[in-house]
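What the coordinates show
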Amino acid sequence: MIFEYDILVIGAGHAGCEAAAAAANLGKKTCLITIDMNKIAQMSCNPAIGGIAKGQIVREIDALGGYMGQITDRASIQFRMLNRSKGPAMWSPRAQCDRMKFSQYWRETLENIPGLHMWQDSVNELLVENGKAVGVRTQLGAEFRAEAIIITAGTFLNGVMHVGKVQFEGGRIAEPAAKGLTESIKKHGVTVGRMKTGTPVRLDKRSINLQLVDTQQGDNDFHCFSYLQNERKLTQLPCWACYTNPEVHQTLRDGLEFSPLYNGQIQSIGPRYCPSIETKIVTFAERERHLLFLEPEGETTQEIYVNGFSSSLPMDIQLNALRKIPALKDAVAYRPGYAIEYDYFDPTQLNHTLESKIIEGLYFAGQVNGTTGYEEAAGQGIIAGINAALKIDGKESFVLRRNEAYIGVLIDDLVTKGVDEPYRMFTSRAEYRILLRSDNADVRLTPRAYKLGLATEERYRLLCEKQKLMQQLTSFIENFSVKADLINKGLEELGTTPLTRGCKLSSIIERPQITINTIAPYINALGKELEKLGDKREEITEAVEIEIKYRGYIEREREEAERMLRLENIRIRGKFDYNSLDSLSTEARQKLTAINPETLAQASRIPGVSPSDINVLLVLVRK
């Protein structure tokens, strides 16, 4: 039997869900094919969304009209804004979620999007005709035809799991691997590699002595993930923290000969920034303890995720080591930690739209591109879904630049630099991070999403209302004059230097010791201005304060981004035979030929292409 669609999305993880939703919301008849419809948007590892830089990506997905932020707010059982002691460029939202409800809410969302269908099956063959992807064939013998196909298969492609010497095929614990699809893609010239990731043991909370661990409560303020500000309705729960100790480490060391990571059983590369506990004790042998977080998997379940204890050691070694921690001496496990090896595709063979350079109409998003993390996957998914829909309509592609979004940084890094380990986003990867804050993702991206037809009228109206209120408060602060004799008592009480003469209120707000809310009780007119903001007061006040306090840095980065934009506008793809340019270094010729960059700016970011090589290309372009 043959089924006809505009777009097919293969895999219903975080990338697949956002890709399918975006494609369908842009009017395309879309089918999302998944091995198990009861595991949609499964949180395979940590039951949390967000974190350093990852939280900014989720805010960007939300600003574009995606769903991860909304569903996270609904499923949240603890919310925290990380890095509040640092500048706003580093503030990153993170939410602990009810894992089962998160998946449930995603399925409810997808099933109620017009034009979006689902099919439960395993895809084992990509159909290609004349260099173009035209469909897939499934394990059940069904054939699906479409104009665009998005591969978001996560860790399922030829997945193999490891627990000590035990090996078994699977894409996740208790779920089958996807067989055949990799091979049917590879035969067309797409480069394939293997990567590894892992997950920790899950414990029964009833077996943990919570009197011997530190309790960590969440935040209780206006912050959330979605700009639509859904109220958190689930019970808010604490997390707990404890440490490993020398006894734990010795138990682990005694078992290293049985570790798949160290006995040659696992050959592929794992994520450097999220190492297993056995890697930690080897790499940081001098450290006597490592921090572990005990995180609830849901509102009512007893299942606890042991963050920081990812392992593929034999089950008995994992448990015996954990039981050396006083709070866990009677620990009972639901299941052990395990490692998983899986196929990924070289992302330098993609355009910035995430369409393959080799097979037309074929898009890749998520861990199949060599990334790790739900957020990185979802960010790629929404971009792939948007661009697949736009291509079918013959419209201009949608690409986010590095100064526009963390998603832009992520994709540019992947297609320009490639990966030699699972890629994880950090704030340090973004050179314009003061522009890419979590508070302003809607200002940056919602107008573009609205123009596409992805952001709703309601979302755009809320943005316009927010911007109007911000402009009003900013104008008041910048134009209101403060008299020294009326404000100095308040300044002294707030621990800052008194004025010698009057000044604009903005000059006072710029001081690090002062916030809009702390100075408001001393300025009646400001207090009245804040009252006008109603229930938006906290959000607007924070956003305006950031713009005022950091405007010097913001302007400097904006100017630098505009300078780089000149190189972004110089298109070089198809203009040179790099191998014939003797004035380029040998490495530059090889890298430029392999990646075939779209613009001069992209060429400048390729490892091995020097500034002198860029100058050569710039001269040749001008000629």
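Below you will find a few notes about this structure. Residue positions are given per chain, counted from 1 along the sequence in the order it is written. Only residues with pLDDT of at least 70 get local features here, since the model is predicted, and only at 80 or more are side-chain atom pairs given and counted; chain-wide, interface and lining totals rely on the full set of residues. Excluded from the side-chain calculation are hydrogens and water; included are all heavy atoms of the structure.

A look at the environment of Tyr450
What counts, and what does not: Put simply, DSSP marks the helices as runs of H or I at least four residues long and the strands as runs of E at least two long, and each gets a number from the N terminus on. Contacts were defined at the residue level, with two residues in contact if any of their heavy atoms lie within 4.5 Å.
Here Tyr450 lies in helix 11 (residues 441–452). In contact with Tyr450, not counting residues within four places along its chain, are Ala455, Thr456, Glu457 and Tyr460.

What to know about the environment of Pro607
Within the secondary structure layout, Pro607 lies in the loop between helix 20 (600–604) and helix 21 (611–622). If sequence neighbours within four positions are ignored, Pro607 has contacts with Thr416, Lys417, Glu587 and Lys591.

Quick word on helix 10 (residues 406–417)
Worth spelling out the cut-off: Each residue after the first adds 1.5 Å to the expected span of a helix. Relative accessibility under 20% of the residue-type maximum defines a buried residue, over 50% an exposed one, and the middle range a partly exposed one, all with a 1.4 Å probe and only protein chains included.
Counted at 1.5 Å a residue, the expected span for helix 10 with its twelve residues is 16 Å, and the 16 Å between its end C-alpha atoms agrees. Among the residues making up helix 10, those that are buried are Tyr406, Ile407, Gly408, Val409, Leu410, Ile411, Asp412, Asp413, Leu414, Val415 and Thr416. Against the buried residues of helix 10 lie helix 2 (54–63), helix 9 (374–392), helix 19 (586–595) and helix 20. Backbone geometry just after helix 10 places Gly418 at a positive phi near 70°.

Observations regarding the packing of aromatic side chains
Using the following cut-off: Classification of ring pairs uses Phe, Tyr and Trp, with its six-membered ring standing for Trp, and accepts pairs whose centres are within 6.5 Å; under 30 degrees between planes counts as stacked, over 60 as edge-to-face, and the remaining range as tilted. Only lysine NZ and arginine CZ atoms are considered, and such an atom sits over a ring when it is within 6 Å of the ring centre and within 35 degrees of the ring normal.
Counted according to the given criterion, the structure contains twelve aromatic pairs. Here the aromatic rings of Phe3 and Trp119 are separated by 5.1 Å at their centres, their planes lie at 50°, and the arrangement is tilted. Note that Phe3 is positioned in strand 1 (residues 2–4) and Trp119 in strand 7 (residues 116–120), a separation of 116 residues in sequence. Here the aromatic cluster, defined as three or more aromatic residues joined through ring pairs, consists of Phe3, Tyr5, Trp119 and Phe144. If you follow Arg59 out to its NZ or CZ, it ends over the ring of Tyr227, 3.9 Å from the centre. In this arrangement the basic side chain of Arg84 is found over the ring face of Trp91, its NZ or CZ atom lying 4.1 Å from the centre.

Bear in mind that shape data such as this cannot, by itself, settle questions of function.
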